[in-house]
Amino acid sequence: MFEEDMKKFILDVPDFPRAGVVFKDISPLLARAALCRRIINVFCTQAKGKVDAVCGIGNRGFLFGPGIAQGLDVPFVMVRKYGKLPGKTITQSYQLEYDEATVEIVENSIQKGWRMLIHDDVLATGGTAEATAQLLTRLQVVPTQFSFLIELKFLKGCEKLLAYSRDIISLTTY
Ligand code: AMP
């Protein structure tokens with residue numbers, strides 16, 4: 001089964017980057033070219049004909065995002081943590097457990113009316129993907145599909161995204 005094949009190469013790293021967090025390390029999976037190709041194919045099959053562009057959330061949304069965009073033959077767009085992008089940017093802040101974070105996009109990297117696939121490696125609390133969807137919606141881009149390699153179901157991030165799209169793809173769940 002595809003999910004089981006993937007899970008063999010996703011490592012649990014306890015207490016990283018801080019105590020209490022079990023970090024999902026996809027490095028072993030990235031070392032397997034054939035598996036990565038299958039992952040991109042599955043993402044592309046799910047998105048084919050539905051989206052005009054792919055938005056990757058940095059940094060790890062940049063690992064598979066460009067491959068998905070190339071497979072679909074559509075543009076790839078970057079959303080990054082605040083302060084990493086040049087030019088005229090638009091930002092969206094969101095609440096973390098004890099703190100605040102901000103995502104940012106270059107304004108002219110998108111076109112109004114685009115149907116967007118929002119992609120990242122892990123869906124945890126959903127805060128980052130939700131802020132990305134808010135940012136894109138403000139720019140009149142339509143969050144049409146979300147896709148993740150890993151969803152941490154117990155954090156219920158999915159619930160935050162349903163207001164934007166019911167089309168949420170997670171290849172593995174924990
Ligand atoms: P969240 O906004 O809580 O959904 O967190 C999503 C972002 O944090 C993604 O960009 C992930 O790369 C990263 N992340 C959150 N939790 C984990 C985890 N347990 N293992 C690896 N990455 C994580």
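This structure is a prediction, so every number in the text was calculated from the model and none was measured. (Residues numbered from 1 in each chain as written. Predicted model: local features only at pLDDT ≥ 70, side-chain atom pairs only at ≥ 80, totals over all residues. Heavy atoms only, no water.)

1. A few points about the site of the ligand
Put simply, the rule reads: Think of it this way: one heavy atom of a residue within 4 Å of a molecule or strand is enough to make that residue near it. Residues adjacent in sequence count toward polar contacts only when both atoms are side-chain atoms; beyond that, a polar contact is any pair of N or O atoms within 3.5 Å, and within protein one must be able to donate a hydrogen and the other to accept it. Accessibility throughout is a Shrake-Rupley quantity obtained with a 1.4 Å probe, and a residue counts as covered only by protein chains that appear here. Secondary structure elements follow DSSP: runs of H or I no shorter than four residues count as helices, runs of E no shorter than two count as strands, and numbering proceeds from the N terminus. Ten residues, namely Ala, Val, Leu, Ile, Met, Phe, Trp, Tyr, Cys and Pro, are considered nonpolar, four, namely Asp, Glu, Lys and Arg, are considered charged, and the remaining ones, Gly among them, are considered polar.
Every one of the 13 residues lining the ligand counts as a neighbour, but Asp-120, Asp-121, Thr-125, Gly-126 and Thr-128 are closest to it. Contacts to the ligand include Thr-125, whose side-chain N or O atom sits 2.5 Å from an oxygen atom. The backbone of Gly-126 places a nitrogen or oxygen atom 2.7 Å from an oxygen atom of the ligand. Contact with the protein chains removes 82% of the 490 Å² of surface that the ligand exposes when unbound. Put simply, the parts of the chain that give the shell around the ligand at least two residues each are strand 2 (22-25), strand 7 (115-123) and helix 5 (127-138). Its residues assigned to classes, the shell around the ligand shows five nonpolar, four polar and four charged.

2. With respect to the environment of Glu-107
Basically, it comes down to this: The rule is simple: take the accessible area with a 1.4 Å probe, protein chains only, and divide by the maximum for that residue type; under 20% is buried, over 50% is exposed, in between is partly exposed.
Within the fold, Glu-107 resides in the loop between strand 6 (100-106) and strand 7. Note on Glu-107: relative accessible area 29%, which makes it partly exposed. Taking C-alpha positions, Glu-107 is 8.1 Å from Leu-139, a pair spaced 32 residues apart along the chain. Of the polar contacts made by the side chain of Glu-107, one reaches the side chain of Lys-88; its length is 2.8 Å.

3. What to know about unusual backbone geometry
For the peptide bond that leads from Phe-16 to Pro-17, omega is 0°, which places it in the cis range. Counting through the fold element by element, Pro-17 comes out in the loop between strand 1 (11-14) and strand 2. Geometrically, the link from Gly-58 to Asn-59 is a cis peptide bond, its omega value of 0° lying close to zero. Topologically, Asn-59 is positioned in the loop between strand 3 (53-57) and helix 4 (61-72). Its identity as a non-glycine residue notwithstanding, Gln-140 has a phi of 65°, on the positive side. Its place among the elements puts Gln-140 in the loop between helix 5 and strand 8 (142-151). With phi around 55°, Lys-156 is a residue other than glycine that occupies positive phi space. Along the chain, Lys-156 falls in the loop between strand 8 and helix 6 (157-161).

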